[in-house]
Amino acid sequence: MAEPTIYELSSPGRMGVRFPEPDVPLADLPAGLVRGELPLPELSELDVVRHFTHLSRLNYSIDGGFYPLGSCTMKYNPKVNEVAARLPGFAFTHPLQPAETVQGNLALMHELQEYLKEISGLAAISLQPAAGAHGEFTGVLIMKAYHDAMGNTNRTKMLIPDSAHGTNPATSSMSGFEVVPLPSDERGNVDLAALKVLCDDTVAGLMLTNPNTLGLFDENVVEVVNMIHGCGGLIYGDGANLNALLGVARPGDIGFDVMHFNLHKTFSTPHGGGGPGSGPVGVAAHLADFLPGPNVVIAEEGSEDEAPLFDLAMPAKSIGRVKSFHGHFGMMIRAFTYITMHGADGMRRIAEHAVLNANYLLAKLRKTYHVPYDRICMHEFVMEGVFADAPGVHALDIAKRLMDYNFHPPTNYFPLIVHEALMIEPTETENKQTLDVFADVLIKIAEEAHTQPELLHSAPHITPIGRLDEVKAAKDLVLCCWIPE
Ligand SMILES: *Cc1c(COP(=O)(O)O)cnc(C)c1O
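One structure accompanies this document, and this report is about it. (Residues numbered from 1 in each chain as written. Predicted model: local features only at pLDDT ≥ 70, side-chain atom pairs only at ≥ 80, totals over all residues. Heavy atoms only, no water.)

Section: the packing of helix 11 (residues 395–404) against helix 12 (residues 432–451)
Item 1. Running from amino to carboxyl end, helix 11 crosses helix 12 at an angle of 125°, the nearest separation of the two axes being 10 Å. The orientation of helix 11 with respect to helix 12, classified from their angle, is oblique. Helix 11 and helix 12 meet at a crossing whose hand is right-handed. Of helix 12, the residues touching helix 11 (which contributes I398, R401 and L402) are F438, V441, L442, I445 and E448.
Item 2. Residues belonging to the contact of helix 11 with helix 12 are distributed by class as follows: 6 nonpolar, no polar and 2 charged. (Axes fitted to C-alpha atoms, helices over the stretch in contact; angles between N-to-C directions. Helix = DSSP H or I, 4+ residues; strand = E, 2+ residues; numbered from the N terminus. Parallel < 35°, antiparallel > 145°, perpendicular 65-115°, else oblique. Left-handed = near helix turned anticlockwise from the far one by under 90°. Contact = heavy atoms within 4.5 Å. Nonpolar A, V, L, I, M, F, W, Y, C, P; charged D, E, K, R; others polar.)

Below is the structure:
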């Protein structure tokens, strides 16, 4: 049944606000400004609160249920993060305030830069980029600036494994590089033989997601890094999903030259719904001067009883500014809170639990669903949503049927190298009970696929609307109001 719109709920004369008595003389508005016929809804405050609260419950959320969206790391955003982000000293500052009046904010940003250096093993950080893809774009522009500075004008190619996130080729192409796809081998690693053929002095670099989008740690990562460095290229690390590595392995130690982080994945700040993210970029020492800026630096060292003086500074050969002001500060506060609350040991436990949870689910599901690259996974894994003896059922049907059991569907049809892919990432914030119910439901759906396939084809049954034309929904977005059939 269609929900009533806020216009249908309207009743003449109802009011939800009361304006204070004016303390200036009333004046007439110019005639052209007053649109008497504007059909504004008239509602009480209670009408409005109930309407929007009800609508909000039609939406799925991480606070409402399990959200195993692979490659998106939909982990829980602890409420303490929100408390920290709303502290008046943070929330009521203005980005144009002089540095001496926002020393606390700069101290937090500096500390976060230091945390990310320690976590990644890289030498310098910029917190400016607004999201993962923006961090990639920034990182690849840094690679380009480095090659330009070295006079490497013939390095025009960016190698991208076929298990990469779609943003990697998009970023390379936007940055003016020629994208050269790199196949994976049968274990889901970069195919070293293919890489060897491509490694020459036209290669600017390679963008590697490790763990890759199959959820697998590339067992040859050191060889890959050495081969690229051997031919004079740079290695980009897509660190959007760093969960599995926190406190265990550091991209900088492995030899990565540049990488981005997704604070809104790995470090629990909220994402989805188009809200602000944060995609800081880290670089090894030889690229530090090319970082965007300004970034937070220590202007004057502190002493035992005096805090250091922080300021903002532009790196020497900076690619410039990539974001207005200083990036999404609210996200930085949340990520800082998450890292501080966990501490160094807690970072490692995050990785251990993310990997344990994914492997626990994989162990429960691999008998029922085919897993093409079946080995110990990292924070996520990819299985096929098809059965040889139930050929009419597709990954999409399974994803939609999960909604009837109150679960958000996993990522589907990605990565492209797995047929009918279902990509599942439980994250470290889910408990065993939730994982058990989820696995049981997926096993039950597999049974239904054989006994009642029509149930899957017509799913979801409990949502306000059924199957959307998802392409049309994305390309032809209508956000203004609910349009009933
Ligand atoms: C999410 C993701 C990105 C892009 O991050 P956004 O913040 O969505 O732009 C890039 N690479 C990988 C591997 C990701 O999972």
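Quick word on a nonpolar patch on the surface
Item 1. On the surface, M15, V17 and F19 cluster together into a nonpolar patch covering about 390 Å² of accessible area.
Item 2. Inspection of the secondary structure assignment puts V17 in the segment before helix 1 (45–58). (Patch = residues over 30% accessible without salt bridge, like charges linked within 9 Å, V, L, I, M, F, W, Y side chains within 5 Å. Areas by Shrake-Rupley, 256 points an atom, 1.4 Å probe, with all protein chains shown as cover. Salt bridge = Lys/Arg side-chain N within 4 Å of Asp/Glu carboxyl O.)

Re the side chain of N243
Item 1. Relative to the assigned elements, N243 resides in the loop between strand 5 (234–239) and helix 9 (251–254).
Item 2. Residue classification places N243 among the buried residues on the basis of a relative accessible area of 0%.
Item 3. Apart from residues lying up to four places away in sequence, N243 is in contact with T73, K75, T266, I350, A351, A354, H379, E425 and E428. (Buried < 20%, exposed > 50% of the residue type's maximum accessible area, 1.4 Å probe, protein only.)

Concerning the pairing of strand 12 (residues 421–424)
Along any regular strand the residues' side chains alternate between the sheet's two faces.
Item 1. Residue alternation in strand 12 divides its side chains into two sets, A421 and M423 and L422 and I424, and both sets are buried.
Item 2. In this structure, strand 10 (residues 381–384) lies alongside strand 12, joined through 4 bridges in antiparallel fashion. The residue of strand 12 that forms the bridge with F381 is I424.
Item 3. By the bridge criterion, 2 bridges tie strand 11 (residues 411–412) to strand 12 in an arrangement that is antiparallel. Following the sheet pairing, T411 is matched in strand 12 by M423. (Pairing = 2+ DSSP bridges.)

Section: helix 5 (residues 132–150)
Item 1. Over its 19 residues, helix 5 runs 27 Å from end to end, which matches the ideal 27 Å to within 8%, given 1.5 Å per residue.
Item 2. Every buried residue belonging to helix 5 is among G132, H134, G135, E136, T138, G139, V140, I142, M143, Y146 and H147, and all of these are buried. (Expected span 1.5 Å × (residues − 1).)

Digging into the site of the ligand
Item 1. Near the ligand, the surroundings consist of 14 residues, among which S71, A133, D238, H264 and K265 are the closest.
Item 2. Here a nitrogen atom of the ligand sits 2.6 Å away from a polar atom, N or O, in the side chain of D238.
Item 3. When the ligand sits alone it has 380 Å² of accessible area, and the protein chains cover 85% of it.
Item 4. The element best represented in the shell around the ligand is helix 5, accounting for 3 residues.
Item 5. A class-by-class count of the residues in the shell around the ligand yields 3 nonpolar, 8 polar and 3 charged. (Near = heavy atom within 4 Å. Polar contact = N/O pair within 3.5 Å; in protein donor to acceptor, adjacent residues only side chain to side chain.)

Some details on the environment of L246
Item 1. Within the secondary structure, L246 is located in the loop between strand 5 and helix 9.
Item 2. In this structure L246 comes out as buried when scored by relative accessible area, which is 1%.
Item 3. Along the chain, L246 and M207 lie 39 residues apart, while their C-alpha atoms are 20 Å from each other.
Item 4. Once you skip the residues sitting within four places of it in the chain, L246 turns out to touch I119, T266, F267, M347, R348, I350 and A351.

Here we look at the pattern of salt bridges
Item 1. Applying the stated criterion to the full structure yields 18 salt bridges.
Item 2. Between R348 and E352 there is a salt bridge, with the nearest N and O atoms lying 3.0 Å from each other. Here E352 and R348 lie together in helix 10 (residues 329–365), a separation of 4 residues that amounts to about one turn.
Item 3. Note on R348: relative accessible area 37%, which makes it partly exposed.
Item 4. Classification of E352 by relative accessible area gives partly exposed; the value is 39%.
Item 5. Salt-bridge contacts for R467 lead to D397; the nearest nitrogen and oxygen are separated by 2.9 Å. Placement of the pair is R467 in the loop between helix 13 (453–457) and helix 14 (470–475) and D397 in helix 11, with a sequence separation of 70 residues.
Item 6. Judged by relative accessible area, which is 34%, R467 ranks as partly exposed.
Item 7. A network of salt bridges, in which partner residues are shared, links E82, R86 and R334.

Describing the packing of helix 5 against helix 6 (residues 167–174)
Item 1. Closest axis-to-axis distance for the helix 5/helix 6 pair is 9 Å, and the angle between their directions is 45°. As judged from the angle between their axes, helix 5 and helix 6 are oblique. Like other packed secondary-structure pairs, helix 5 and helix 6 cross with a definite hand, here right-handed. Counted together, A133, E136, F137 and V140 of helix 5 and T167, N168, T171 and M174 of helix 6 form the full contact between these two elements.
Item 2. For the contact of helix 5 with helix 6, the per-class residue count stands at 4 nonpolar, 3 polar and 1 charged.

Some thoughts on the packing of aromatic side chains
Item 1. Taken as a whole and judged by the stated rule, the model has 8 aromatic pairs.
Item 2. On the numbers, 5.3 Å between centres and 50° between planes, the contact of Y369 with F387 is tilted. Taken together, the positions of Y369 in the loop between helix 10 and strand 10 and F387 in the loop between strand 10 and helix 11 put the pair 18 residues apart, joining distant regions of the chain.
Item 3. Among the residues examined, F387 registers a relative accessible area of 9% and is labelled buried.
Item 4. Members of the aromatic cluster, each reached through a chain of ring pairs, are F66, F407 and F438. (Phe/Tyr/Trp six-rings, centres within 6.5 Å; stacked < 30°, edge-to-face > 60°.)

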